[in-house]
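# Observations on the three-dimensional arrangement
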Amino acid sequence: MTMKLVILTKSTFFVEEDNILATLFNEGMENLHVYKPGASSLYLERLLSLLPEEHHSKITIHNHYHLKNEFHLAGIHIDNDKATYPSGYKGSIGRSCTDLTTLKKLKKKSDYVFLGNIFDSIEFKEKKSNFNIKQLEEASYQGLIDKHVFAFGGMNIEHAKIVRQLGFGGIVICGDLWQHFDIHRQTDFKTILTHFEKLHKTIS
């Protein structure tokens with residue numbers, strides 16, 4: 001089974017970001033989630049405007065949902081599992097949750113769900129795993145984990161092999177990719193591209 005590969009941006013902006021993202025699109029990235037908690041609409045607009053227009057349809061936004069229509073993006077993603085949909089919104093909606101009971105509810109109200117943290121977070125060290133393998137195996141057996149549920153939190157190449165066996169429809173990569181680029185010292189991002197290629201092969 002081929003899983004979907006979702007790339008989540010770093011939570012903060014950095015100088016080479018638009019160049020790296022544009023290159024990743026050229027290398028085959030099909031699903032980018034722009035996640036910048038607390039960022040102003042102005043900064044998000046600037047980042048989106050710097051990315052090639054032909055790739056906007058592969059981008060999902062996590063806040064300032066009006067940008068979805070302004071830039072003709074793929075859809076919106078709601079991180080707060082208790083939040084409601086924007087009034088009048090029509091289009092693709094993703095949700096995030098951290099427990100299996102909520103997952104069952106959200107699957108009925110969204111196109112896909114990020115379930116996390118499956119493993120300890122790489123970018124946010126204080127965020128630990130919410131599940132053990134036995135719980136996930138049971139959820140998979142019950143059909144709760146399926147192609148509409150993506151594994152989130154601490155995902156890397158080795159963990160991708162585990163969640164594939166559990167029946168997840170995709171993986172969400174963040175820290176595992178961005179740790180290959182030092183935003184304060186590097187300008188060459190070949191190591192990120194090499195790692196992206198490895199991830200791409202892993203989920204195919």
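An unreviewed UniProt entry lists the chain under the name Thiamine phosphate synthase/TenI domain-containing protein, with Hoylesella oralis ATCC 33269 as the source organism.

## Topic: the environment of L100
With respect to the element layout, L100 can be found in helix α4 (residues 100-107). When its relative accessible area of 21% is taken as the criterion, L100 is described as partly exposed. The contacts of L100, once residues within four sequence positions are left out, are L115, F131, Q135, A139 and L144.

## Thoughts on unusual backbone geometry
N117 follows G116 through a cis peptide bond whose omega is -15 degrees. Along the chain, N117 falls in the loop between β6 (112-115) and α5 (133-141). Positive phi, close to 50 degrees, is recorded for H64, a residue that is not glycine. Tracing the chain through its elements places H64 in the loop between β3 (59-61) and α3 (67-70). Phi is positive for H72, which is not a glycine, with a value near 55 degrees. As for its position among the elements, H72 is in the loop between α3 and β4 (75-78). Taking the relative accessible area as the measure of exposure, H72 reaches 60% and is therefore exposed.

## Here's the deal with the pattern of salt bridges
One pass over the structure, following the stated rule, counts 6 salt bridges. Salt-bridge contacts for K82 lead to D81; the nearest nitrogen and oxygen are separated by 3.5 Å. Judged by relative accessible area, which is 72%, K82 ranks as exposed. A salt bridge links D182 to R185, with the nearest nitrogen and oxygen atoms 3.0 Å apart. By relative accessible area, which is 24% here, D182 ends up partly exposed.

## Thoughts on the UniProt feature "domain: Thiamine phosphate synthase/TenI" (unreviewed entry) in the chain
Mapped onto this structure's residue numbering, the UniProt feature "domain: Thiamine phosphate synthase/TenI" (unreviewed entry) falls at residues 53-174. Within residues 53-174, the helical portion is 25% and the strand portion 20%, while the C-alpha atoms at the span's ends are 23 Å from each other.

## Structural notes on the nonpolar core
Nonpolar side chains tend to gather and get buried jointly when the protein is soluble and globular. Within the largest apolar cluster, 63 residues are counted, with the highest numbers of intra-cluster contacts made by F168 and I171. The element that contributes the greatest number of residues to this core is helix α8 (residues 190-203), accounting for 5 residues.

## A closer look at the sheet that holds β4
Pairing is parallel around the closed barrel formed by 8 strands, whose spatial order is β1-β2-β3-β4-β5-β6-β7-β8. Averaged over neighbouring strand pairs, the angle between their axes works out to 25 degrees when direction is ignored. As paired elements, β6 and strand β7 (residues 149-152) share 3 bridges and run parallel to each other. The partner of L115 across the bridge, within β7, is A151. Contacting β1 (4-8) and β8 (170-173), α8 runs over the sheet at an angle of about 150 degrees to β1.

## Some remarks on the packing of helix α6 (residues 157-166) against α8
Running from N to C, α6 and α8 cross one another at 15 degrees; their axes reach a closest spacing of 10 Å. In terms of their interaxial angle, α6 and α8 are classed as roughly parallel. For the element pair α6 and α8, the recorded crossing hand is right-handed. Where α6 approaches α8, its residues I157, A160, K161 and R164 are matched on the opposing element by H195, K198, L199, T202 and I203. For the contact of α6 with α8, the class distribution of residues is 4 nonpolar, 2 polar and 3 charged.

## Quick look at α8
In this model α8 runs 21 Å from its N-terminal to its C-terminal C-alpha over 14 residues, within 8% of the 20 Å that 1.5 Å per residue would give. The complete set of buried residues in α8 reads I192, L193, H195, F196, L199, T202 and I203. Packing partners of the buried residues in α8 comprise β1, α1 (17-26), α6, β8 and α7 (175-178).

What counts as what
- Residues numbered from 1 in each chain as written.
- Predicted model: local features only at pLDDT ≥ 70, side-chain atom pairs only at ≥ 80, totals over all residues.
- Heavy atoms only, no water.
- Helix = DSSP H or I, 4+ residues; strand = E, 2+ residues; numbered from the N terminus.
- Buried < 20%, exposed > 50% of the residue type's maximum accessible area, 1.4 Å probe, protein only.
- Contact = heavy atoms within 4.5 Å.
- Salt bridge = Lys/Arg side-chain N within 4 Å of Asp/Glu carboxyl O.
- UniProt positions renumbered as here; feature names shortened; annotations may be inferred.
- Core = buried A, V, L, I, M, F, W, Y, C linked by side-chain atoms within 4.5 Å.
- Pairing = 2+ DSSP bridges.
- Axes fitted to C-alpha atoms, helices over the stretch in contact; angles between N-to-C directions.
- Parallel < 35°, antiparallel > 145°, perpendicular 65-115°, else oblique.
- Left-handed = near helix turned anticlockwise from the far one by under 90°.
- Nonpolar A, V, L, I, M, F, W, Y, C, P; charged D, E, K, R; others polar.
- Expected span 1.5 Å × (residues − 1).

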